[in-house]
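Tertiary structure, described
Residue-level listing of the chains:
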Amino acid sequence: MLREIISLVESDIKKAILLVCLAVGVVAISYGSLAMAYGFPLWLPVIASLFVLAGASEFMFIGIIAGGGNPFAAAMAGLLVNARHIPFGVAVRELVGNKLSGLIGCHIMNDESVVFGLAQKTPEARRAAYWLCGIGVAIVWPLGTLLGTVVGGLLPAPEVIGLDAVFPAILLALVIPALRNHTTRIRALAGATLALVTTPFTPAGLPVLLSLLGLLARKKK
Amino acid sequence: MSDTLTIVSALALLAIGTYLMRFSGVKLGKRLALSESTQQLLNDGATTLLFAVALSTALFSADHFAGYARVSGVAVAFLLAYKKVPLIVVIIAAAAVTALLRLLGIH
């Protein structure tokens, strides 16, 4: 099945997905290493990587607990960060598959798999790109985390090689075609502006949800 | 730090809650009878979210400014992508510009 998926993804997209997975792997190593530095048992970040599979919320979860915060408060903060998966789920409803594969298809939903999926032209290519990126991240994230808990200290921080710029860059690059539509562009700009303005004084995750209010924006008649 | 059982329970809450959000979005999407304009609205919603995530992670680390190195790397990547340069070049340029600026002491 994986071979079929791979054959349906354009070669340029395939290479880009591979690079994104590599970047995810390096961030995962630093995440595993950070969890060790905080004093968590080795299995904890690995289990979190496997079952949460949403990096930003996991960093937040271990960070809050390590700082002495209540673990349930940390979980709620993580859930707020992950709430955008509800509208993401609506958007990729045709890509996740049905029945059993649909259950896995939901779990591999993240910013990258969603954007790679939605950016393709045909339904087959959309599904294939979503799955290739989703499975890639679902493998690399836990493996990298495990590696990081063991040898994390030996590698440079992701920031040193500029990897923190890779994730926003790929998201932007892949939404550009959709932004060529006038109404879409007005809505996205209005929403993103609202998210940026509210970021300094709202809890993480909320600004991005507020961006959906940008959908109310329309072209002036 | 809290005891292990509390942490594991909280982690289970985070994992199950996150999964349910992914799952319920898909279920909701499949259930809605969609007109063409609603579909366009939903697609714009996804684009808006992804665009907002992109700009937020380009400009902020937590709630403070991410620094000129990252912003410049992402800006260069955006221009290249706008010019329809292959994606791998866009990705490598983002990382390279950011890393180089940091090497030069610009943060």
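Residues numbered from 1 in each chain as written. Chains lettered and ligands numbered in written order. Predicted model: local features only at pLDDT ≥ 70, side-chain atom pairs only at ≥ 80, totals over all residues.

As a further point, take the overall build of chain B. A tally of regular secondary structure across chain B gives four helices and two strands. In chain B, the succession of helices and strands from N to C terminus is α-α-β-β-α-α. A globule of 107 residues ought to have a C-alpha radius of gyration of about 13 Å, yet chain B, at 20 Å, is considerably larger. Within chain B, the proportion of its 107 residues that are buried is 43%. The contacts of chain B with a sequence gap of at least 6 include a subset with a gap of at least 24, amounting to 42%. (Helix = DSSP H or I, 4+ residues; strand = E, 2+ residues; numbered from the N terminus. Rg over C-alpha atoms; globule rule 2.2 N^0.38 Å. Buried ≥ 20, exposed ≤ 12 C-beta atoms within 10 Å, placed from the backbone. Contact = placed C-beta atoms within 7 Å.)

On to the environment of methionine 60 of chain A. All names here are of chain A. Along the chain, methionine 60 turns up in helix α4 (residues 55-66). Counting along the chain gives 110 residues from methionine 60 to isoleucine 170, while the straight-line C-alpha distance between them is 22 Å. Aside from chain neighbours lying at most four places away, what touches methionine 60 is Ala77, Gly78, Val81 and Ala204.

On the chain B side, the residues contacting the 73 residues of chain A number 61 residues. When residues of the side of chain A that touches chain B are assigned to their parent elements, the largest contribution, 11 residues, is made by helix α10 (residues 166-179) of chain A.

Listed as buried for helix α3 (residues 43-51) of chain A are Leu44, Pro45, Val46, Ala48 and Ser49 of chain A. Looking at the packing, one finds that the buried side of α3 of chain A touches α2 (11-38), α4 and α9 (123-151) of chain A together with α1 (4-31) of chain B. Backbone geometry just after α3 of chain A places leucine 53 of chain A at a positive phi near 50°.

So, on to α2 of chain A. For α2 of chain A, built from 28 residues, the straight-helix expectation of 40 Å at 1.5 Å per residue is met to within 8% by its first-to-last C-alpha distance of 41 Å. Downstream of α2 of chain A by one or two residues, glycine 39 of chain A has phi in the positive range, about 95°. (Expected span 1.5 Å × (residues − 1).)

Residues and elements named next belong to chain A. The N-to-C vectors of α2 and α9 enclose an angle of 30°; their axes lie 7 Å apart at closest approach. Classified by the angle between their axes, α2 and α9 sit roughly parallel to one another. Considering how the two elements wind past one another, α2 and α9 form a crossing that is right-handed. Class assignment for the residues of the contact of α2 with α9 results in 18 nonpolar, nine polar and no charged. (Axes fitted to C-alpha atoms, helices over the stretch in contact; angles between N-to-C directions. Parallel < 35°, antiparallel > 145°, perpendicular 65-115°, else oblique. Left-handed = near helix turned anticlockwise from the far one by under 90°. Nonpolar A, V, L, I, M, F, W, Y, C, P; charged D, E, K, R; others polar.)

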